[in-house]
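# Structural overview for review
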Amino acid sequence: MGIMGGASLFMYSCKKNDAPKQNQTKEIPQEVLTAIKNQGFSTNGVVRFKDGYVVEGDIFLTDSSLAKKATFTTLKRGETEQYRTTQLVTNLPRTIKVYVSGLGTDYVNATNDAIQRYNDLRLGGLTFTRVTNSTDADITISGFYDPYTPVNASSGFPTANGNPYSSISVNTARFFQSNTPGYWAASVIQHELGHCIGMRHTDYMNRAFSCGFGGAESDPNNVGAIYIPNTLTGVESESWMLACMPDGISRSFTVYDIFALSYLYTPGQVPTPQLFHEWYNGGKKDHTLSANTNIQNLFPGFNYIGASHRVYLTNVSGTVPLYQFYNGSSGDHLLSTDINATAGYSGWQFDGTVAYVYNTQVAGTIPIYCYYDLAATDRVFTTDPNFRNQWPSYAYYGIAYYAFPK
Ligand SMILES: [Zn+2]
């Protein structure tokens, strides 16, 4: 994500005046550019960094690694693709130990947040933990100070023997400034950890998707495509592995990101029950739930409330699809296991299947209650049976479905 905040800072500041100056490749020797291209990376915006080069914003290639050949595999889901390197972390299940070296509490907290975001996925094959002893570390996060480079942070891909990439460098000139809150820093570290376990940029084929520049990148050699089974419909962008991230936002996992990570690092390759997160749009008086943790970036006006409960993202035996409907004129999201829930009512659009849940209570599940405020035209789906104590304007509409506690 190198270019995540830093580069975007860099980019946005240039953009207003003249053409972006990301193309810093002029001083890079042609034989180096050829080696970078042969590895399947973009030669646009290559930056000399330490004893190597940073490409595509934040991927660090040492001088010696440029002599080798890298290959990548496409994980296809619908319209969106995730990409991984051929080298992944092996010897699963495994706990990856992360050490923060010589950086302050802010960095430690951001690292803890990034680790929590991964562990909340319950991948099964891969867990992260922060350690306070450098000799135990699989990945060491350390800082450098450079206010002039467009690099925010950098890391690399897993080693040939199945270990994660061992270091993440963060540019302390760009972290914890006025426009880089803690959740932004956590998102940057979360992104770099993604590289360390083998994820490439989601938009590597056209980095302009997230960066606004960069265009089509070179096609890696030997790209294979693996189709990840099961597909949920719905909005999909804001992947945590997009090359660029605007300053000041929090970006975490989308539903397809969860599928990609589960495919790589969960036994059985399908996601365990995932957190269903709650948002509220005060302007529209509209509550909504999603497994996509970036709703607030996709739909301005929604504020994050927190994790509510857990749902399946695949059609597990015994579950039924949970459909989402949206009424744009009243500003109301409706979740129902009945596909005809809005039949006969005007103004509703069908958004598709957003989860798989139970219609009857099975072991380990809890009821999800529905409440409705007629004046606000707002439905709430909550685990709280006493919701009306605080929100008396909402009428109880019964149990909507059963799912797992968070
Ligand atoms: Zn990156």
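These numbers come from a predicted model, not from an experiment.

All chains considered together, the criterion is met by four salt bridges. Between Arg48 and Asp63 there is a salt bridge, with the nearest N and O atoms lying 2.9 Å from each other. With Arg48 in strand S1 (residues 47-49) and Asp63 in the loop between strand S3 (59-62) and strand S4 (72-77), this pair connects stretches of sequence that are 15 residues apart. Residue class for Asp63 comes out partly exposed when judged on its relative accessible area of 37%. A salt bridge links Arg251 to Glu238; its shortest N-O distance comes to 3.0 Å. Residue Arg251 is found in the loop between strand S12 (224-227) and helix H6 (255-265), and its partner Glu238 is found in the loop between S12 and H6; the two are separated by 13 residues along the sequence. Overall, Arg251 belongs to the buried group, its relative accessible area being 4%.

Scanning the entire structure with this criterion turns up two cavities of 30 Å³ or more. The volume enclosed by the second largest cavity comes to roughly 60 Å³. Contributing to the lining of the second largest cavity are Glu278, His287, Thr288, Leu289, Gln324, His333, Leu335, Arg379, Val380 and Phe381. Of all elements in the fold, only strand S14 (286-290), strand S17 (332-336) and strand S20 (378-382) reach the threshold of two or more residues within the lining of the second largest cavity. Across the lining of the second largest cavity, the residue classes tally to four nonpolar, four polar and two charged.

Taking 1.5 Å of rise per residue, the 15 residues of helix H3 (residues 105-119) would be expected to cover 21 Å, and the 21 Å separating its terminal C-alpha atoms lies within 8% of that figure. Of the residues making up H3, those classed as buried are Tyr107, Val108, Ala110, Thr111, Ala114, Ile115, Arg117 and Tyr118. Considering only its buried residues, H3 is in contact with strand S6 (94-100), strand S7 (126-131), strand S8 (139-144), strand S10 (167-171), helix H4 (182-196) and H6.

A word on the sheet that holds S20. Taken in spatial order, the six strands of this open sheet run S14-S13-S15-S21-S19-S20, and their pairing is antiparallel. Two strands lie at the open edges of the sheet, namely S14 and S20, each paired on one side alone. Between one strand and the next, the sheet's axes are offset by a mean angle of 30 degrees, whatever the strand orientation. Examined bridge by bridge, strand S19 (residues 366-373) and S20 share five bridges and lie antiparallel to one another. Bridged to Tyr371 within S20 is Val380.

To continue, consider the nonpolar core. Ranked by size, the top nonpolar core spans 74 residues in total, and within it Leu193, Ile197, Leu261, Tyr265, Phe276, Phe381 and Tyr401 carry the most contacts. The leading source of residues in this core is H6, at nine residues. When sequence neighbours within four positions are dropped, the list of residues in contact with Phe381 reads Leu289, Ser308, His333, Leu334, Leu335, Ile368, Tyr369, Cys370, Ala400 and Tyr401. Within the second largest apolar cluster, 15 residues are counted, among which are Ile36, Phe41, Ile59 and Phe157.

Turning next to the confidence of the model for the protein. Low pLDDT marks stretches whose predicted atomic positions should not be read closely. For the protein, per-residue confidence averages 87 on the pLDDT scale, and residues scoring 70 or more make up 88% of the total. Counting contacts from residues 1-24, a segment whose pLDDT is below 50, to residues more than four positions away or on other chains yields 73 contacts. With pLDDT under 50 throughout, residues 219-223 is counted as low confidence; its partners more than four residues away or in other chains account for 15 contacts.

Turning to the pairing of strand S13 (residues 274-281), a few remarks are in order. The element S13 is extensively covered by neighbouring structure, given that seven of its eight residues are classed as buried. Judged from the five bridges that link them, S13 and S14 form a sheet pairing that is antiparallel. Its bridge partner lying in S14, Glu278 is registered against Leu289. Counted along the chain from S13 to the antiparallel partner S14, the turn is four residues long, and its residue Lys285 has a positive phi close to 50 degrees.

Scoring rules and cut-offs
Just so you know, the residues in each chain are numbered from 1, in the order the chain's sequence is written. In view of the model being predicted, local features appear only for residues whose pLDDT reaches at least 70, and side-chain atom pairs are presented and counted only at 80 or more, with totals across whole chains, interfaces and linings using the full set of residues. To obtain the side-chain values, all non-hydrogen atoms of the structure were used and water was disregarded. One side-chain nitrogen of Lys or Arg within 4 Å of one carboxyl oxygen of Asp or Glu is enough to make a salt bridge. Under the scheme used here, helices are H or I runs from DSSP no shorter than 4 residues and strands are E runs no shorter than 2 residues, and both carry numbers assigned from the N terminus. Think of it in three bands: residues with accessible area under 20% of the maximum for their type are buried, residues over 50% are exposed, and the middle band is partly exposed, with areas taken using a 1.4 Å probe on protein chains only. Here a cavity denotes a set of grid points, spaced 1 Å apart and computed over the protein atoms alone, in which a 1.4 Å probe fits but from which it cannot get out, and a pocket denotes an open set meeting protein on both sides within 12 Å along at least five of seven lines; residues with an atom within 4 Å of a point are reported as lining. Grid points are joined across faces, edges and corners, and a volume is the space filled by probe spheres set on the points. Amino acids are sorted into nonpolar (Ala, Val, Leu, Ile, Met, Phe, Trp, Tyr, Cys and Pro), charged (Asp, Glu, Lys and Arg) and polar (every other residue, Gly among them). Each helix should span, by expectation, one fewer than its residue count multiplied by 1.5 Å. Should any heavy atoms of two residues lie within 4.5 Å, those residues are counted as being in contact. Criterion used throughout: strands pair if DSSP finds at least two bridges between them. For helices, the fitted line uses only the C-alpha atoms of the stretch in contact; every axis is such a line through C-alpha atoms, and the angle between N-to-C directions lies from 0 to 180 degrees. Only buried Ala, Val, Leu, Ile, Met, Phe, Trp, Tyr and Cys residues count toward a nonpolar core, and they belong to the same one when joined by side-chain atoms within 4.5 Å. The predictor's confidence in any single residue is recorded as pLDDT, a number from 0 to 100.

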